[in-house]
Amino acid sequence: QVQLVESGGGLVQVGGSLRLSCTASGGTFRFYILGWFRQAPGKEHEFVAAINRSGGVTSYADSVKGRFTISRDNAKKTVYLQMNSLKPEDTAVYYCAAKYSSSSRLPQLGSEYNDWGQGTQVTVSS
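Given the structure is predicted, the values throughout are model-derived calculations rather than measurements. (Residues numbered from 1 in each chain as written. Predicted model: local features only at pLDDT ≥ 70, side-chain atom pairs only at ≥ 80, totals over all residues. Heavy atoms only, no water.)

## What about the environment of glycine 110?
Point 1. Position of glycine 110 among the secondary structure elements: in the loop between strand S9 (92-100) and strand S10 (115-116).
Point 2. Excluding residues within four positions of it along the chain, glycine 110 makes contact with Phe37 and Trp116. (Helix = DSSP H or I, 4+ residues; strand = E, 2+ residues; numbered from the N terminus. Contact = heavy atoms within 4.5 Å.)

## Digging into the packing of aromatic side chains
Point 1. Counting across every chain of the model gives six aromatic pairs.
Point 2. Where phenylalanine 31 meets tyrosine 100, the ring centres are 6.1 Å apart and the plane angle is 85°; that geometry is what we call edge-to-face. Taken together, the residues span a long stretch of sequence, with phenylalanine 31 in the loop between strand S3 (18-25) and strand S4 (32-39) and tyrosine 100 in strand S9 at a distance of 69 residues.
Point 3. According to the relative accessible area criterion, phenylalanine 31 is partly exposed, its value standing at 28%.
Point 4. On the accessibility criterion, tyrosine 100 (52% relative accessible area) is exposed.
Point 5. When the centroid spacing of 5.3 Å and the interplanar angle of 75° are considered together, the rings of phenylalanine 37 and tyrosine 113 count as edge-to-face. With phenylalanine 37 in strand S4 and tyrosine 113 in the loop between S9 and S10, this residue pair connects regions lying 76 residues apart in the sequence. (Phe/Tyr/Trp six-rings, centres within 6.5 Å; stacked < 30°, edge-to-face > 60°. Buried < 20%, exposed > 50% of the residue type's maximum accessible area, 1.4 Å probe, protein only.)

## Section: unusual backbone geometry
Point 1. The phi dihedral of lysine 77 falls on the positive side, at around 55°, and the residue is not glycine.
Point 2. Note on placement: lysine 77 falls in the loop between strand S7 (68-73) and strand S8 (78-83).
Point 3. Backbone geometry at serine 85 places phi at a positive 50°, although glycine is not the residue there.
Point 4. When you line up the elements, serine 85 lands in the loop between S8 and S9.
Point 5. Judged by its relative accessible area of 41%, serine 85 falls in the partly exposed class.

## So, the pattern of salt bridges
Point 1. Using the criterion set out here, one finds five salt bridges in the structure.
Point 2. Taking the shortest distance from any N to any O, the salt bridge between glutamate 46 and arginine 38 comes out at 2.8 Å.
Point 3. A residue is classified by how much of its surface remains accessible, and glutamate 46, at 30% relative accessible area, is partly exposed.
Point 4. Among the charged side chains, a network of salt bridges with common partners joins Arg38, Glu46, Arg67 and Asp90. (Salt bridge = Lys/Arg side-chain N within 4 Å of Asp/Glu carboxyl O.)

What follows is the structure, encoded as structure tokens:
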């Protein structure tokens, strides 16, 4: 089990950028697949991106592909989400999640992840 803490959210204008960070404590970070999810008011929980244990394989939702980049630094026990060209529809609470797994498959269902952070708010204003 790992404890996850997100940071980096805030208010940004349309077309702007933000970088979210999620730092882990406990557990062996390099053994975890990591994901980012988001939830907007009145909407369902949505997959955003995931990254494998080494950082060499990533997966993105179609809605963010080409604009968002997930990366990780195992030495710092941190996963990042670089968000560029932000749109109003990106407004949501963003959560990082961890799944202890040796599989090469990157889950897109939140129910497959074991540990979650508390979330950080991202608001894109027009």
